[in-house]
Structures are given as structure tokens and as C-alpha cells.
2 protein chains.
Amino acid sequence: MRDKSFLMIPGPTPVPESVLLEIAKHPIGHRSSEFSKILENVYANLKYVFQTKNDVFVYTASGTGAMCAALENLINEGDHVLCLVLGNFGNRWAKIASSCGAVVEKIEVDTGEVIDPEVLRARLAQDVNKEIKIVTLTHSETSTGAANDVKTLCKIIREHGAISVVDGVTSVCAMECKPDAWGIDVLVSGSQKGFMIPPGLSFLVANDRAWELHEKCKHPSFYFDWDAYRKSTRANSTPYTPAVNLFAGLNVALEMIKQDGIENMNARHKKHAMALRHALQSIGLELVVKDDNKASHSITSVLPPDGISVPDIRKIMKEDFDIVIANGQNKLKDKIFRMGTLGFVCDRDIITAVGALEATLYKLGYKFELGKGVSTAIKELA
Amino acid sequence: MRDKSFLMIPGPTPVPESVLLEIAKHPIGHRSSEFSKILENVYANLKYVFQTKNDVFVYTASGTGAMCAALENLINEGDHVLCLVLGNFGNRWAKIASSCGAVVEKIEVDTGEVIDPEVLRARLAQDVNKEIKIVTLTHSETSTGAANDVKTLCKIIREHGAISVVDGVTSVCAMECKPDAWGIDVLVSGSQKGFMIPPGLSFLVANDRAWELHEKCKHPSFYFDWDAYRKSTRANSTPYTPAVNLFAGLNVALEMIKQDGIENMNARHKKHAMALRHALQSIGLELVVKDDNKASHSITSVLPPDGISVPDIRKIMKEDFDIVIANGQNKLKDKIFRMGTLGFVCDRDIITAVGALEATLYKLGYKFELGKGVSTAIKELA
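All figures in this text were calculated on a predicted structure; none of them were measured in a lab.

### What to know about the overall build of chain A
The helix and strand tally for chain A stands at 14 helices and 14 strands. Taken against the 2.2 N^0.38 rule, which gives 21 Å for 382 residues, the C-alpha radius of gyration of chain A at 21 Å falls within 12% of a compact globule. With respect to the principal axes defined by its C-alpha atoms, chain A has extents near 60 × 55 × 30 Å. The buried share of chain A, reckoned over its 382 residues, is 64%. Element-wise, carbon and sulfur atoms account for 50% of the exposed surface of chain A, whose accessible area totals about 14,200 Å². For chain A, the distance from the average site of its 44 positive side-chain charges to the average site of its 46 negative ones is 1 Å.

This is the structure we're talking about:
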């Protein structure tokens, strides 16, 4: 039905009406005192959300832009970068590092698995000459729904003396993620995820250790240059013309997050992800990430039952129930489907999603105890 | 008065209601067939607007992002780049080229002046070893309101064998600008200008000669990489998550431009700029660009009358008449004010702007024949 579509993909995610209406307002001048006021509020609230004392930069760019903003401000040609890879987005760090001229080494794990801290510790122990300057990792891997233990991994990286660069694109807001407390040196995220606004903005926070390495970077990217962004951010401004309408929407969304409380938002995402996981398991579906403790709280990847195809599931979910769920990516295409529970999602949405998926599987002839998924979700949410 | 503000700055510019309402719609998935349809339409209409057979890339980034996308896909460390500088935005090319490790040489002119083609020809004639690989230039210099003769300059650059890289941020849509017909090798523009949508998207078109140089570029920017963009653009997709709401707005705006006709849009901008210039001159104001033939059709820079300050003029225009005009930039701050007539502007707006400026100057005690500016504008527009 027209205008009824509900997004359960890993982004874009649902956007509150109050944010959409703010975005629809006529743009104001980006050098006006009114806009500077908006920026002041946005920058302060971002420090709250990121739980950091450092400046949070906002780029007019997608999440990949912020990933480039991280590495293109740190890497010199020939630098050794270790990339911890859980899937596509872990691999994206490796591609960006290569594009900067780095020597890239990867530690890769099987689909749905996460990095074993002891494997990382052992590899770094071999690096006796401290050649590894940077270690990249992914908090919530959007392509599989697996989530690394960022706190432990960053501690090991810090002990070695390397700089940790973390993709928090689908984790910030959804999962506990504390750059200052955990010693994450650079953290990036994106607007169309936990931040409840449309795509087009992305975020970066770097600490003093990262800045030290940045100062040695010979050719930082001009568009993403940290120095220009720090100077402007501290003056409640932006170096270049920002996407003013999206900033106005972000301002409203951040106020909602602040009112809600970041801890409550984290807890709600965890509750939703676990309710969804257990509901799906209760009707016999297999999850890509087996262990609850290794699961993202924003994306759940699911294998279709034997004999039922992913395209059929996605088609019926969309056509009959107006719910958009994601396919697998690359080699996982048509092998798994992914359900996002990220951002502007309430308990009702989990019951809705499980109910619609039950109806879809019922229509496709899957044999299971109808209603079992919904009742499991209801009990978990209670 | 709240919500009554009218933007006459060089961007963001006024946005049609139908575009704002489209932007306010809930985002759709960027990998959906619905969004692919929007992209197909957008890409086709951009070729019409840019009057090119080449692909037009759309970056989720501001105009400066597209400028980086140009040079970061062409320059290798040590390359010689000649920058033709009329003001701040010509200088921005020089800064970006430096950030890429280029050896940068500038030809600079006085405020309000443009590049003399014979000066360029003479400089290139000295470059007997063809060391100059790239020449950057600005079509409409936003900081002064001067406009280069891009057609003639690009012909000279082509004859020398260098690649021309043109900033069309405030010229495309507003002024005749034909990359294919004029031999512009790389042309960039931005969304919040002639395209009548809010900031956040920018455009780039490159021809085969530029692609040849790109193929020798060792470390193209990952986020702005031409190869990734060409592949995606041809598949009616984008390499990374695009600002889907802004794309939806762009789709509506491009349909408006197509219905209007690009030649008509160019002609209207010229008529408005000339009417404004002559109206201001008729009440004794001095313009930064003296010669109509060297004037931008999107921005007019004006010197305040003796004894009247730029901040006072801007303040009264805003507080009494809800019209936002721009200050000068950097060394021109408080020395000039700038009036944009770019994008969604009709004849009425020119009469309005001149009338409000007359009222402002009257209040500030400037002695002139009240009504003369408006009557001049009315006659010019007729």
C-alpha cells in the first residue's frame, strides 16, 4: 500500500515524523546565527551520545565517507595496517587503507563469527618492531549481524601501541559503545542508522593519540581534513556547506535521544534484538550468528528454511505486509535475509515483524507452530 | 517574521515547495527497484542539464566534495597544476591540488576581474616541455561575482594538451555551460545552487581525455573514486548509501528544469542579473564587477555607499524585510555585500529585492531618487 512501507533493513531506518517535518523546512543560510545555534546544540548532544569529551565531527557524506575521513587522515604510503574482518564492512576498511597506499594485512573469520581477542593478541605479539600502526575493526558487522567485543580488542590494540579505528556505523546508539572509557582511538558512525535521520551525514570522533598520528600524515584528504573540521566544530560552524536540512533533522533526533537516555536506547535495542532472535529460533529458523553474546543489537541475519527461497520471503514480506527486509550481500545474496531493528523502533514493531514473518512462512508452506514466534516475542518483551 | 525568510545568498538558495515535500517523505531503501527508477530518471535528466553524453556522477557531499572528486582522481604527487584564481573559490582549487601533493602555480587577478585569455595563452606557450598537466578555473566566482569566459579558456587549455577542470558550482543552470561543446574536461557543480534543492549533493562530469589522465592516478580517493561511480551510475545505482531524500527532491527539481528548458533557465538568470545590476547602478551603487560581460548571472557583488556599513544593510534587509543577503568573504568581509539570484527565482523576486534594498538605504539615510531602482528593474524585465 502506498506510503505504508516499513523499513527493517540495516539503513535507511525509520525516521520520526517530527524529524521529517523539520527536514522539510526551507533551508536557512549555513553562515547565519540561527544555524550556528543548531550546530552548537548538535555538537553538544553528539558528545553526549558518543559519551566523549572530544569533538565529534559531522561530515556531509555517507558512513563510507566517515571511514575515509578516518584513514585518509592517518595513513602515509607504506604504513602497515591490520584489518580485522568479519564481512563486507570489515573488508571496506581494508580497501580504503589500500587506496591510501597502506600495506594491508587481514585477519578474517567465518561468516557470523567474531574476532577472538587471543588471536589478535598473538598476532600483535609477533610484531616486535611495532610496524603495525593502525588496527581497523567493525563493531556491528552489517553484512552478517555479528558484533565484536570492541572493548577487549581496543584494550589489546592500545597495549601494543597501535591506533584502533572502529566502524560504529550500525552500533552507536544501538549498542553500548564508549570511545573514551574503552580507549577507541577513532570511531565513526552514520546518520541513517541509530540516529533516526535519513542518510547523508556521518560522524567521527578521534582522541589525542589519533591526533598525534594524524600530525604525521603528509596528505590528509582535503574534504575530510580533521584540522579544518576541528577548527570549524569548535566555532559552531562547518568548513564547507553542510546539508543544512539534515542537520536540522539531526538536531530534533538528538533531542529525542537525549530525552530517552543513551543507556535506555542501548538497552531497548538489546531487548528488541534478543526478542527477535529468540522468536525466530522458536519457530525453527537458523540464525547466522549462533551465540547471543556475539550478536549485533541492530541487525539479525537469518537462514531461510529448507526449500523456501530468500527472494520469496522478501517479496511476500513486502507485497503482503509492506515490510522491507534486506537480502544478503555478495556471496551471501539469496542465502540469508537480514532484519534491522535499528533506531526508531518500538516493542510493537518487533511483534509486527515476527507476526508478518510467520504469515509469510505460512503462505510459503513452511511447517511450524503458528503463533509460536509471536508468543515468544511477547514474553521476551514483557 | 517566522518562516518568511527569503534567501538571496549564493547558496543555499530558495527551494520549491514540491521539492521540500518530496524531501519530507519517509526514506526508501537505496537498493530497492523504486530508488533505482529515481536514479535512472535523475541520471538521464542530469545529462540533459549538463548537455553531455558522458555520465554525470552524483556525490553525497557538498560542492567542495565534488572539487576534491575532480583533483583526487587526477593528480599524482609532484604533478604541475596551474590554477586560475579570481577569488576564494579559485584559491580552493589551489588548496585541494596542494593537498594532493601537486606543485601549484597560480595566475591571480584583482577582485572583480577575470582571466585574460591572452595571459593564459602566453603562460602555456612558455611551458615548452608540457609540464602543466592540469589547469583549474572557476566559471562563476562566488566570492566576487565575476565570470570567466570558460569557452575560450578551455579551448586554449585543450590546444596546449592540458586537462581543464572547471568549478561550475554557481554557474550550471544559471549560465550557459556546455562541457561537450566547449571541451571542458572535468566540470563540477552543487545541488544548493541552480538545482533548486538543499545542500548535500554535488555533481561531476568528466570526458575521455580526463579519464585517460585518471587511469594514471595512483591513489584515487576511495569515497569519490570515478571507477566506482561510473560502474554504479551505469547500473542506476550508487557505490555507497546516498542521501535518498535529497535524491528524491532532485528528481522533482530536474523535472521542473526540463519542463522549463535549460536555455530558458540560462536566459532568465541573465535577465535577472542584468536587471539587478542596472537597477543598483541607477541608484548610484558601485558594483564589484564593472563590465556586464564579465559578470556572473547568479551573484552580484555590491559596494555600500560612502558612510553606510555592510552589516547595517544586511541587518535591515533581514530584520525589516526578511531577505538574507551575503557578506563579503575574508578580506572582503564588511567591504561588499553579495546578492544571489540563483535557481528558483522569478521576475517578482528581482523587483522585491531592489525595492527592499531601496527601503533599506532610505532608512540608513542614503540620498538617491527613491523608486529609481525599482523602475529601472521593471523596465529591464519587461
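The discussion continues.
### Section: the packing of helix H11 (residues 262–282) of chain B against helix H13 (residues 347–363) of chain B
Residues and elements named next belong to chain B. Packing of H11 against H13 brings their axes to within 10 Å, and their N-to-C directions diverge by 20 degrees. The angle between the axes of H11 and H13 places the two elements in the roughly parallel class. By crossing handedness, the relation of H11 to H13 is classed as right-handed. Here Lys271, His272, Ala275, Leu276, Ala279 and Leu280 of H11 lie close against H13, whose contacting residues are Asp347, Ile350, Val354 and Leu357. Taken together, the residues of the contact of H11 with H13 sort by class into seven nonpolar, one polar and two charged.

### Here we look at the relation of the copies chain B and chain A
These two copies of the chain differ by a rotation about an axis and a displacement along the same axis. Rotating chain B by 180 degrees and translating it 0.0 Å along the rotation axis places it on chain A, where the RMSD comes to 0.0 Å. In short, the pair behaves as if placed about a two-fold rotation axis. Mapped onto chain A, 100% of the interface residues of chain B are again interface residues, and the two copies thus contact each other with one and the same surface.

### Quick word on the sheet that holds strand E1 (residues 6–8) of chain A
Residue and element names in this part refer to chain A. As summarised here, the arrangement of the five strands in space is E1-E13-E14-E12-E11, forming an open sheet in which the pairing is mixed. Single-partner strands in this sheet number two, and they are E1 and strand E11 (286–287). Pairing of E1 with strand E13 (residues 323–327), which is carried by three bridges, proceeds in the parallel orientation. Along E13, the bridge assignment pairs methionine 8 with isoleucine 325. Sheet strands touched by helix H11 (residues 262–282): E11, strand E12 (299–303) and strand E14 (337–340). Its angle to E12, the strand with the most contacts, is close to 10 degrees.

### What to know about the pairing of strand E13 (residues 323–327) of chain B
Residues and elements named next belong to chain B. Burial analysis of E13 places five of its five residues in the buried class, which makes it a mostly covered element. Bridge count between E13 and strand E14 (residues 337–340): two bridges; the pairing is antiparallel. Residue asparagine 327 lies in a different strand from E14, and its bridge partner there is phenylalanine 337.

### Let's talk about the pattern of salt bridges
The tally for this structure, following the rule as stated, stands at 39 salt bridges over all chains. B:Glu159 serves as the salt-bridge partner of B:Arg121, at 3.7 Å between the closest nitrogen and oxygen. Here B:Glu159 lies in helix H6 (residues 150–160) and B:Arg121 lies in helix H5 (residues 117–126), a separation of 38 residues in the sequence. B:Arg121 sits in the partly exposed class, given a relative accessible area of 36%. Between B:Arg277 and B:Asp292 there is a salt bridge whose closest N-O contact spans 2.8 Å. Placement of the pair is B:Arg277 in helix H11 and B:Asp292 in the loop between strand E11 (286–287) and strand E12 (299–303), with a sequence separation of 15 residues. One salt-bridge network, in which partners are shared between bridges, spans A:Glu118, A:Arg121, A:Lys155 and A:Glu159.

Reading the values: rules and limits
Residues numbered from 1 in each chain as written. Chains lettered and ligands numbered in written order. Predicted model: local features only at pLDDT ≥ 70, side-chain atom pairs only at ≥ 80, totals over all residues. Heavy atoms only, no water. Helix = DSSP H or I, 4+ residues; strand = E, 2+ residues; numbered from the N terminus. Rg over C-alpha atoms; globule rule 2.2 N^0.38 Å. Buried < 20%, exposed > 50% of the residue type's maximum accessible area, 1.4 Å probe, protein only. Areas by Shrake-Rupley, 256 points an atom, 1.4 Å probe, with all protein chains shown as cover. Lys, Arg positive; Asp, Glu negative; His and termini not counted. Charge placed at Lys NZ, Arg CZ, Asp CG, Glu CD. Axes fitted to C-alpha atoms, helices over the stretch in contact; angles between N-to-C directions. Parallel < 35°, antiparallel > 145°, perpendicular 65-115°, else oblique. Left-handed = near helix turned anticlockwise from the far one by under 90°. Contact = heavy atoms within 4.5 Å. Nonpolar A, V, L, I, M, F, W, Y, C, P; charged D, E, K, R; others polar. Least-squares fit on C-alpha atoms with pLDDT ≥ 70 in both. Pairing = 2+ DSSP bridges. Salt bridge = Lys/Arg side-chain N within 4 Å of Asp/Glu carboxyl O.

Read these as spatial facts, not as claims about activity.
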